[in-house]
Amino acid sequence: MPPPRNKHNIGIFLPPSTRGPGMIRSPALDVANMVAVLKEDTEYNVRLFDLRVHTIAQDSFWAKKGIDLSIFNDFQRCFNHVLIKKSPEIECIVKKILKEADLADIKFLIFFVTVLEQFSLQYFTSSLCIAAQLKRNNPSIKIIFSGNCPKRHIRQIMGRFEFLDAFLEDGNERAISEYIRKSGKGKALKGVIYREEKKLVPPAANLPLQLNKYPMPDFSLFDLKKYQSNGRLVFPYELSRGC
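Here the residue index of a chain counts from 1 through its sequence in written order. Totals for whole chains, interfaces and linings use every residue, but because this is a predicted model, local features are given only for residues with pLDDT of at least 70 and side-chain atom pairs only at 80 or more, for both listing and counting. Remark: hydrogens and water are excluded; side-chain values derive from all non-hydrogen atoms of the structure.

Peer 1: Looking at this structure, I do not really get the pattern of salt bridges. What am I missing?
Peer 2: Pairing is possible between side chains of opposite charge, provided their charged atoms come close. In what follows, salt bridge is the name for a side-chain nitrogen of Lys or Arg lying within 4 Å of a carboxyl oxygen of Asp or Glu. Across all of its chains, the model carries twelve salt bridges by this definition. The residue E91 makes a salt bridge to K95 at a minimum N-O spacing of 3.8 Å. Taken together, the residues E91 and K95, both in helix 5 (residues 88-98) and four residues apart, mark about one turn of the helix. For E91, a relative accessible area of 17% corresponds to the buried category. Comment: elements are numbered from the N terminus, with helices defined as DSSP H or I runs of at least four residues and strands as E runs of at least two. The classification of residues rests on relative accessible area computed with a 1.4 Å probe and restricted to protein chains. Under 20% of the type maximum is buried, over 50% is exposed, and intermediate values are partly exposed.

Peer 1: I would appreciate a short explanation of the sheet that holds strand 4 (residues 142-146) in the present structure.
Peer 2: To summarise the sheet geometry, strands pair through backbone hydrogen bonds and adopt either a parallel or an antiparallel arrangement. A strand pair is defined by DSSP finding two or more bridges across the two strands. Strand order in the open sheet made by the seven strands is 2-1-3-4-5-6-7, with mixed pairing throughout. The sheet terminates laterally at strand 2 (44-50) and strand 7 (199-201), the two strands that pair on one side only. Shown here is a sheet whose adjacent strand axes are inclined to one another by a mean of 20 degrees, direction ignored. Pairing geometry for strand 4 and strand 5 (residues 166-168), over two bridges, is parallel. Of the residues in strand 5, the one forming a bridge with F145 is F167. Helix 8 (residues 174-182) contacts strand 1 (8-14), strand 2, strand 3 (108-112), strand 4, strand 5 and strand 6 (192-196) of the sheet and is inclined by roughly 165 degrees relative to strand 4. Simply put, an axis is a line fit to the C-alpha atoms, just over the touching stretch for a helix, and the angle between two N-to-C directions goes from 0 to 180 degrees. Residues are treated as being in contact if the distance between any of their heavy atoms lies within 4.5 Å.

Peer 1: Help me understand the layout of surface pockets, please; the structure alone is not making it clear to me.
Peer 2: The rolling of a water-molecule-sized probe over the atoms marks out the regions of remaining empty space. Here a cavity denotes a set of grid points, spaced 1 Å apart and computed over the protein atoms alone, in which a 1.4 Å probe fits but from which it cannot get out, and a pocket denotes an open set meeting protein on both sides within 12 Å along at least five of seven lines; residues with an atom within 4 Å of a point are reported as lining. Grid points are joined across faces, edges and corners, and a volume is the space filled by probe spheres set on the points. When its volume is computed, the second largest pocket comes out at roughly 250 Å³. If you go around the second largest pocket, you meet twelve residues; those closest to its centre are N33, P215, M216, P217 and E238. Asp, Glu, Lys and Arg are counted as charged, while Ala, Val, Leu, Ile, Met, Phe, Trp, Tyr, Cys and Pro are counted as nonpolar; the rest, among them Gly, fall into the polar class. Of the residues assigned to the lining of the second largest pocket, the class counts are ten nonpolar, one polar and one charged.

Peer 1: I tried to follow the nonpolar core on my own but got confused; where do I start?
Peer 2: Among soluble globular proteins, nonpolar side chains are generally buried collectively. The biggest cluster of nonpolar side chains holds 39 residues, and the ones touching the most others in it are F111, F145 and L164. Put simply, the parts of the chain that give this core at least two residues each are helix 4 (75-83), helix 5, strand 3, helix 6 (121-137), strand 4 and helix 7 (151-160). In terms of residues, this core owes the most to one element, helix 6, which gives seven residues. The residues contacting F111, other than those within four sequence positions of it, are F13, S127, I130, A131, L134, I143, I144, F145 and S146. Grouping buried Ala, Val, Leu, Ile, Met, Phe, Trp, Tyr and Cys residues that are joined through side-chain atoms within 4.5 Å yields what is termed a nonpolar core. With 36 residues, the next largest nonpolar core counts L29, I110, Y194 and F219 among its residues.

Peer 1: Explain the environment of D59 here, please?
Peer 2: Positionally, D59 belongs in the loop between helix 2 (53-57) and helix 3 (61-64). Each C-alpha atom of the pair D59 and K226 lies 9.7 Å from the other, and the pair is 167 residues apart in sequence. Among the polar contacts made by the side chain of D59, one reaches the side chain of H54 at a distance of 3.0 Å. Identification of polar contacts relies on pairs of N or O atoms within 3.5 Å, with a donor-acceptor requirement for protein atoms, meaning one able to donate a hydrogen and the other able to accept it, and with residues adjacent in sequence counted only if both atoms are side-chain atoms.

Peer 1: Teacher, can you tell me more about the packing of helix 4 against helix 6 here?
Peer 2: Axis angle and axis distance: for two packed helices, these are the angle between their axes and the distance between the axes, and together they describe the pair. Direction vectors running N to C along helix 4 and helix 6 enclose 20 degrees, while the axes themselves pass 10 Å from each other. Taken together, helix 4 and helix 6 sit at an angle that is classed as roughly parallel. Helix 4 and helix 6 meet at a crossing whose hand is left-handed. Note on element contacts: helix 6 touches helix 4 through L121, Q122, F124, T125, L128, C129, A132 and R136, opposite F75, C78, F79, H81 and V82. Here the contact of helix 4 with helix 6 is built from residues that sort into nine nonpolar, three polar and one charged. Relative orientations are named as follows: roughly parallel for angles under 35 degrees, roughly antiparallel for angles over 145 degrees, roughly perpendicular for angles from 65 to 115 degrees, and oblique for any other angle. In a left-handed crossing the near helix is turned counterclockwise from the far helix by less than a right angle, and in a right-handed crossing that turn is clockwise.

Right under this line is the structure:
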């Protein structure tokens, strides 16, 4: 028998940020969808790093760590930090945040830069600052962005921020699985734009989405107790996608 193949260690990262419009106290549905799709492939070990939950729970976790998340509200300062000149204060905060997630064995890290239950630029700037630091710490890690974002903006983001390796364009989580399996071959894939040897490879086409053939959302990696409100837990659901 051939030796067993090593499994890819895949992390899903929900970055912390200040509360934004649309945030509700429920585990993120699009993250649960991603977990379910990735778990279909037995070659993946999937872990969730939910650093957003403390904002949801409105607890004092980050304050006790001496971390002021409001720094991610200063958008221009955050963009300057990752594009022009590092801010010592932002760098210090990001390093403290990263101490709360053991990413040592993670090969692919998927950032949800927005989720269906929260629309905020703070979430995006937090993701950028953390991803940039991670790439400095470990250049071999593959950083993938996913979230609600127009295709034109996605391509601008990939062009500006060279520490990003891939961005899901069409919202079909299975495109990320395809990228993980086929990255490094330099060929256009469906539904995802990615970087190969500093060159951007745009998607060949969208990956057809068939919701009726999707697995049930998998919320098992969330700490669901922290999402309870008055002893009750609310799960989001979707019957269709698109505006």
